[in-house]
Amino acid sequence: MLDAQNTEYAYGLWPLVIINIGLFIGFMLSFAKPTSKIEWRSFGVFTAFIVALFVEMYGFPLTIYFLTSWLGSKYPVSNPFSHANGHLLGVFFGVRSDHGTFFHILSNLLIFGGAIIISSGWNAIHRGRGEMVTTSIYSYFRHPQYLGFIAIIIGFLIQWITLVTILMAPILVVRYVRLAYKEEKKALDEFGDTYRDYMERVPAWIPKFSTEKREF
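Here's a quick rundown of the structure. Note that this is a predicted model, so its numbers are computed, not measured.

Rules used throughout
- Sequence order as written defines residue numbering, which begins from 1 separately in each chain.
- Where local features are concerned, this predicted model is filtered to residues with pLDDT of at least 70; where side-chain atom pairs are given and counted, the filter is 80 or more; whole-chain, interface and lining totals use all residues.
- Working from all heavy atoms in the structure, the side-chain values ignore hydrogens and water.
- Every helix listed is a DSSP run of H or I at least four residues long, and every strand listed is a run of E at least two residues long, numbered separately from the N terminus.
- Per-residue accessibility, obtained with a 1.4 Å probe over protein chains only, is compared with the maximum for each type, and a residue is labelled buried under 20%, exposed over 50%, and partly exposed between these values.
- Contact definition: two residues touch when any of their heavy atoms are within 4.5 Å.
- Note that accessible areas follow from Shrake-Rupley with a 1.4 Å probe, and for residues the cover is restricted to the protein chains shown.
- In this charge count, Lys and Arg are treated as positive and Asp and Glu as negative; neither His nor the chain ends contribute.
- A single reference atom marks each charge: NZ on Lys, CZ on Arg, CG on Asp, CD on Glu.
- Whether two aromatic rings pair depends on their centres lying within 6.5 Å, for rings of Phe, Tyr and Trp, where Trp uses its six-membered ring; planes under 30 degrees apart make the pair stacked, over 60 edge-to-face, and the rest tilted.
- By definition, no residue in a patch forms a salt bridge, and every one has over 30% relative accessible area; like charges are joined within 9 Å, nonpolar side chains (Val, Leu, Ile, Met, Phe, Trp, Tyr) within 5 Å.
- Criterion for a salt bridge: a side-chain nitrogen of Lys or Arg within 4 Å of a carboxyl oxygen of Asp or Glu.
- Buried residues of nine kinds, namely Ala, Val, Leu, Ile, Met, Phe, Trp, Tyr and Cys, make up a nonpolar core once their side-chain atoms join them within 4.5 Å.
- Axis angles are defined between N-to-C directions and span 0 to 180 degrees, where every axis is a line fitted to C-alpha atoms and, for a helix, only to the segment in contact.
- In what follows, roughly perpendicular refers to angles from 65 to 115 degrees, roughly parallel to angles under 35, roughly antiparallel to angles over 145, and oblique to any angle outside these ranges.
- For any pair of crossing helices, the crossing counts as left-handed if the nearer helix is rotated counterclockwise from the farther one by less than a right angle, and right-handed if it is rotated clockwise.

With that out of the way, let us pick up the overall build of the protein chain. Each helix and strand counted, the protein chain has eight helices and zero strands in total. Going residue by residue from the N terminus, the α and β elements of the protein chain occur as α-α-α-α-α-α-α-α. Expressed along its principal axes, the backbone C-alpha trace of the protein chain runs to roughly 65 × 35 × 25 Å. Across the 216 residues of the protein chain, 45% fall into the buried class. A separation threshold of at least 6 residues defines the contact pool for the protein chain, and within that pool the share at least 24 residues apart is 71%. Approximately 11,800 Å² of the protein chain is accessible, and the part contributed by carbon and sulfur atoms is 64%. Averaging the positions of the 18 positive and the 15 negative side-chain charges in the protein chain gives two centres separated by 3 Å.

With that settled, consider the packing of aromatic side chains. What the rule picks out here adds up to 18 aromatic pairs. Judged by centre distance (5.9 Å) and plane angle (80°), the rings of F54 and F156 are edge-to-face. One end of the pair, F54, is in helix α2 (residues 37-59); the other, F156, is in helix α6 (residues 144-159), and 102 residues separate them in sequence. F156 sits in the buried class, given a relative accessible area of 0%. Taking the centre distance of 4.8 Å and the plane angle of 45° together, the rings of Y65 and F81 count as tilted. One end of the pair, Y65, is in helix α3 (residues 62-71); the other, F81, is in the loop between α3 and α4 (88-93), and 16 residues separate them in sequence. With relative accessibility at 33%, the residue Y65 sits in the partly exposed group. Among the residues examined, F81 registers a relative accessible area of 17% and is labelled buried.

Below, the discussion takes up a positive patch on the surface. Taken together, the side chains of K37, R41, R178, K182 and K186 present a region of like positive charge at the surface. Looking at the positive patch, the elements that each hand over two or more residues are α2 and α7 (163-191). Residue contributions to the positive patch peak at three residues, all from α7. If you trace the backbone, K182 turns up in helix α7. Under the relative-accessibility criterion, K182 is labelled partly exposed at 38%.

With that settled, the discussion passes to the nonpolar core. Membership of the largest hydrophobic core comes to 55 residues, with the highest contact counts inside it found for F24, M28, F46, F49, F54 and F156. Counting residues per element, the ones that place at least two in this core are α1 (14-29), α2, α3, α4, α5 (102-128), α6, α7 and α8 (193-201). Apart from the residues within four sequence positions on either side, F49 is in contact with I153, F156, L157, T165, M168, A169 and L172.

One can find T63 in helix α3. When its relative accessible area of 3% is taken as the criterion, T63 is described as buried. Excluding its chain neighbours within four sequence positions, the residues that come into contact with T63 are E56, L88, T162 and L163.

The geometry of α1 relative to α2 is characterised by a closest axis approach of 9 Å and an angle of 150° between their N-to-C directions. When the axes of α1 and α2 are compared, the pair comes out roughly antiparallel. The element α1 and its partner α2 pack so that their crossing is right-handed. Side by side, α1 and α2 meet where W14, L16, V17, N20, I21, F24, I25, M28 and L29 of the first sit next to W40, F43, F46, T47, I50, V51, F54, V55, Y58 and G59 of the second.

On to the pattern of salt bridges, then. For the coordinates displayed, the defined rule picks out three salt bridges. The salt bridge partner of D197 is R201, with a shortest N-O separation of 3.1 Å. One end of the pair, D197, and the other, R201, are both in helix α8, four residues apart, so they sit about a helical turn from each other.

Attention now goes to a nonpolar patch on the surface. Together, Y9, W14, F60, L62, Y65, F66, W70, L71, F92, F93 and L163 line one region of the surface with nonpolar side chains, adding up to about 1,100 Å² of accessible area. With five residues, α3 is the largest single contributor of residues to the nonpolar patch. As for its placement among the helices and strands, L71 is situated in helix α3. The class for L71 is partly exposed, based on a relative accessible area of 33%.

Dropping the structure here:
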């Protein structure tokens, strides 16, 4: 993702907004392939989350305008419209999340790690050609693609939290969890006891690492 480090007013950079949105959504669509109407709607909400994020990161800092107008002279920093002070975790909670800090590195790990998980899940499904997939990343948890999207959302919230994205994030997480379990019901109808046995062996979200040999 492109950056815009400024010490003064760091917004109104609409080319950066467009480029970052285009790069990220295009990258996600290159391997996250929605097929059903529900998946497309969920991806649409995710796209809205990304648009809202980058608009406030580089375009128009709506959250900061609201907060400075509400708090006035009580706003914690003297230069709220610099890029560094757009990291609101640092501004309000004293937890630095700007470039090079632990939380910024953690957020990048969640974002890029989530993208890798989504890609791995899609590749496994593509190789399965409609058959039940229990190998590769699916041998660690049952919903890697939705887990990947949730990791990306959390990563962005850590890095650049806004009023809009913090409201949208729970909606997205709930949609992905519900979509995951809806797909599981279909898998049970289609594969029966085979999938039920898979559910007993492999956790839904948090992998259980052991010395047991896994299939790849």
